[in-house]
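# Coordinates in review
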Amino acid sequence: MDVLLAMRTFRRVAERSSFSQAATDLGQSTAAVSKQVRQLEERLGSLLILRTTRRMSLSEAGQRYFSECCHLLDELDALERATQAGLHEPGGRLRVNAPLSFGLKVLSPILVAFMQRYPQLQVDLTLNDQVLDVVGEGFDVSLRIRRQLEDSSLIARQLGQVEQIICAAPAYLQAAGTPASIADLHQHRCLAYRLAEHPGRWHLQGPEGQTRLELPVHFSADNSLLLADMLVAGLGIGALPGFVAQPLLDSGQLLRVLPDQHLPGRHIYALYPSQRHLSQKVRVFVDFLVEALQAR
């Protein structure tokens, strides 16, 4: 008997809960489908399908076998697709979602190089700091920057890490004083990123260990670029992701505050629907991001 054919036949019968409907789908007779399932059961020495005159259902062994059978067949199909895809350049539409600040400051130049390497791909990029529904919105990949991810059915791949830097404008520090200790921060105006897990709550790690700090928030925004503008304008002290803060530190528009104290870094994740196998366009995109971010 053809074991793979019998497995595919069994899978279709189980999915359709009907021998006759499975036979129609497979272009075979009901008798032929029933025979293949019976031969598979004989080979396994176990009853997979419970049959009555009115209905059929999977036995306990059949339920376990169905799950593993699907995995094995999906693996085989994916192997064939990957082999075939290797002969062709990836193409089609790639829908990507990313945070606004990250998209403008980091992703933009990476996308230029990516599209030059894969000219057959059409990239549809949505920049939004809100957490969007990957599946519901139809995205192939969603990029997120978080300390940790919420539980979900999405598959996540960590791409890199982003440092969080406490900083303020020279004019503000001259007027309000430069903090010499963590306790001094309570005397300053705190500007916060509103979409953080806990705006105004800082977990600082320094020479004396970890300190948890709760600061009253005088201004908050849901975008790091706008928050950076407020800091440059001298409205207070805040924490910015490194890719936003570093150019402003290099130019002298911002100064680092309490440089011996560090906030936990945030991870850059690529999330995609929990399909067992990635499409070629998603795979090459995520791999390209890993390469580009490591280079940075």
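Residues numbered from 1 in each chain as written. Predicted model: local features only at pLDDT ≥ 70, side-chain atom pairs only at ≥ 80, totals over all residues. Heavy atoms only, no water.

- The chain appears in an unreviewed UniProt entry as Transcriptional regulator, LysR family from Pseudomonas fluorescens.
- In its Sequence similarities (unreviewed entry) section, the UniProt record describing the chain reads: "Belongs to the LysR transcriptional regulatory family." (UniProt positions renumbered as here; feature names shortened; annotations may be inferred.)

## Brief notes about the overall build of the chain
- When helices and strands are counted, the chain shows 10 helices and 14 strands.
- Expressed as lengths along the three principal axes of its C-alpha atoms, the size of the chain is roughly 90 × 40 × 30 Å.
- Relative to its full complement of 296 residues, the chain shows a buried share of 42%.
- Taking contacts inside the chain between residues at least 6 apart in sequence as the whole, the part at least 24 apart equals 74%. (Helix = DSSP H or I, 4+ residues; strand = E, 2+ residues; numbered from the N terminus. Buried < 20%, exposed > 50% of the residue type's maximum accessible area, 1.4 Å probe, protein only. Contact = heavy atoms within 4.5 Å.)

## What about the nonpolar core?
- With 59 residues, the main nonpolar core has Phe102, Leu143, Leu159, Leu185, Trp202, Ile237 and Leu240 as its most contacted residues.
- The leading source of residues in this core is helix α10 (residues 280-295), at nine residues.
- Contacts of Trp202, omitting those with residues within four sequence positions, involve Ile166, Leu185, Cys190, Thr211, Arg212, Leu213, Leu215, Ile237, Gly238, Ala239 and Leu263.
- Within the second largest apolar cluster, 18 residues are counted, among which are Ala6, Ala22, Val37 and Leu40. (Core = buried A, V, L, I, M, F, W, Y, C linked by side-chain atoms within 4.5 Å.)

## Some thoughts on unusual backbone geometry
- Even without being glycine, Ser17 reaches a positive phi, approximately 55°.
- As for its placement among the helices and strands, Ser17 is situated in the loop between α1 (3-16) and α2 (19-26).
- One non-glycine residue with positive phi stands out, namely Leu258, at about 45°.

## A look at the UniProt feature "domain: HTH lysR-type" (unreviewed entry) in the chain
- According to UniProt, the "domain: HTH lysR-type" (unreviewed entry) feature falls on residues 1-59.
- Annotated as residues 1-59, this span is 63% helix and 10% strand, and its ends, taken at the C-alpha atoms, are 22 Å apart.

## Quick word on the sheet that holds strand β7 (residues 164-168)
- As summarised here, the arrangement of the five strands in space is β11-β8-β12-β7-β13, forming an open sheet in which the pairing is mixed. The open sheet has two edge strands with one neighbour each: β11 (217-221) and β13 (255-256).
- Across two bridges, strand β8 (residues 190-193) lies against strand β12 (residues 237-241) in parallel orientation. From the neighbouring strand, Leu191 faces β12, where its bridge partner is Gly238.
- Most of the contacts of helix α8 (residues 224-232) go to β12, to which it runs at about 145°, and overall it touches β7, β8, β11 and β12.
- The sheet strands contacting helix α9 (residues 242-251) are β7, β12 and β13, and the helix crosses β12 at an angle near 115°. (Pairing = 2+ DSSP bridges. Axes fitted to C-alpha atoms, helices over the stretch in contact; angles between N-to-C directions.)

## Re the packing of α2 against helix α3 (residues 30-44)
- Relative to each other, α2 and α3 sit at 105°, their axes nearing to 8 Å. Compared by their axis directions, α2 and α3 come out roughly perpendicular. In contact with Phe19, Ser20, Ala23 and Leu26 of α2, α3 contributes Thr30, Val33, Ser34 and Val37.
- Here the residues of the contact of α2 with α3 are counted per class, giving five nonpolar, three polar and no charged. (Parallel < 35°, antiparallel > 145°, perpendicular 65-115°, else oblique. Nonpolar A, V, L, I, M, F, W, Y, C, P; charged D, E, K, R; others polar.)

## A short note on the environment of Leu289
- With respect to the helices, strands and loops of the structure, Leu289 is situated in helix α10.
- On the accessibility criterion, Leu289 (1% relative accessible area) is buried.
- For the pair formed by Leu289 and Leu107, sequence separation is 182 residues and the distance between their alpha carbons is 8.6 Å.
- Among residues more than four places away in sequence, those in contact with Leu289 are Leu107, Ile110, Leu143 and Leu159.

## Let's talk about the pairing of strand β4 (residues 121-127)
- Looking at chain direction, strand β3 (residues 92-98) and β4 are connected through seven bridges and run parallel. The residue of β4 that forms the bridge with Arg95 is Asp124.
- Traced from β3 through helix α5 (residues 100-117) to β4, the parallel crossover comes out right-handed. (Right-handed = clockwise from strand over helix to strand, strands pointing away.)

## Remarks on the packing of α1 against α2
- Direction vectors running N to C along α1 and α2 enclose 125°, while the axes themselves pass 8 Å from each other. Classed by the angle they form, the pair α1 and α2 counts as oblique. Note on packing geometry: the crossing formed by α1 with α2 is right-handed. Residues Thr9, Arg12, Val13 and Arg16 of α1 form the contact with α2, whose own contacting residues are Phe19, Gln21, Ala22, Asp25 and Leu26.
- Classifying every residue of the contact of α1 with α2 by side-chain character gives four nonpolar, two polar and three charged. (Left-handed = near helix turned anticlockwise from the far one by under 90°.)

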